[in-house]
Amino acid sequence: MPTESAFSIQQALAEGINRIDSDSARLDTELLLCHVLGKPRSYLFTWPERELTAEQRQAFGELLARRIAGEPVAHLTGLRDFWTLTLEVTADTLIPRPDTETLVEAALERLGDGPYRVADLGTGTGAIALALASERPRWQVIATDRVPEAAELARRNRDRVELHNVEVLTGSWCEPLGGLFDMILSNPPYIDEHDPHLAEGDVRFEPRSALVADESGLSDIRQIAEQARNYLKPEGWLLFEHGYDQGEPVRALLAGLGYAQVTTLNDLGGRARVTLARMP
Ligand code: GLN
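Parameters at a glance
- Residues numbered from 1 in each chain as written.
- Predicted model: local features only at pLDDT ≥ 70, side-chain atom pairs only at ≥ 80, totals over all residues.
- Domains from an automatic or database assignment.
- Pairing = 2+ DSSP bridges.
- Helix = DSSP H or I, 4+ residues; strand = E, 2+ residues; numbered from the N terminus.
- Axes fitted to C-alpha atoms, helices over the stretch in contact; angles between N-to-C directions.
- Parallel < 35°, antiparallel > 145°, perpendicular 65-115°, else oblique.
- Left-handed = near helix turned anticlockwise from the far one by under 90°.
- Contact = placed C-beta atoms within 7 Å.
- Nonpolar A, V, L, I, M, F, W, Y, C, P; charged D, E, K, R; others polar.

A look at the domain arrangement of the chain
Looking at the chain, the domain boundaries give domain 1 (3-69) and domain 2 (79-278). If you average the C-alpha positions of domain 1 and of domain 2, the two centres end up 34 Å apart.

Right under this line is the structure:
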């Protein structure tokens, strides 16, 4: 191969970091390059001088162009790490975010080994249900999603990570559930339709139905909280992820529906992120 067309891993990294206009330019570039090479990230730093083949260079160029146009890295690679798991991602669901680990941690802090029955509503990729099941093999975790493509994706992810204590049911919130649960949790849509955040970054490529809710973002949380009263055991836990500024309205809503011990938890950055409550 003539030297002028040689293109090393190091050069590919430099090009991506230069051209992607995002705080995550370096990580984005690394993930795209690993995807093209079919190698783990450590490979990039072990073999910086290694050259890409013409096909790899072309594939990297195409992915880079799509990333620069705004497409989420997870849509380009089809994968996203969450908790300790690598999950398949499609445009049918929300892309799992590190923020949601606050909800997973809060759930694990409240219930030990079990066996317990736990439901994750609006599961999307299945991220929350699978993270919980991976930590608590004796829990029976039921994940629901109204969108058939999302439920199918959650099932594929369940099979991918081989967590057989997760069952995925198609249906809206609590509707497909049977029996009573020790815990019900959800990362539902909670963004107000006028929130300027919806015009920036990855959310532009995610389904609005996974992001936006009526009543200033609270309508789905309210619906779930109303339904969950019929599916929680006495003293059963209800947990929600919500926006930074929604702690107070979510607490008021849960207290108004008769829940006890209503509490908001902050994430590591000190921002309200999760509100939890118990059946009396
Ligand atoms: N936290 C996500 C965001 O702000 C939204 C998640 C959700 O609506 N459930 O992009």
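What to know about the sheet that holds strand β3 (residues 117-121)
Strand order in this open sheet of seven strands is β5-β4-β3-β6-β7-β9-β8, and the pairing throughout is mixed. Either end of the sheet is taken by a strand with one partner, and the two such strands are β5 (166-170) and β8 (260-266). Across the sheet, the mean angle from the axis of one strand to that of its neighbour is 20°, orientation sign disregarded. Pairing analysis gives five bridges linking strand β4 (residues 140-145) to β5, with the strands arranged parallel. Bridged to Val141 within β5 is Val166.

Focus on the packing of helix α6 (residues 101-110) against helix α7 (residues 127-135)
Relative orientation of the contacting elements α6 and α7 amounts to 40°, with a least axis distance of 10 Å. It follows that α6 is oblique to α7 by the angle criterion. The handedness of the crossing between α6 and α7 comes out as right-handed. Between α6 and α7, the residues in contact are Leu103, Val104, Ala107 and Leu108 and Ile128, Ala131, Leu132 and Glu135, respectively. The residue inventory of the contact of α6 with α7, partitioned by class, reads seven nonpolar, no polar and one charged.

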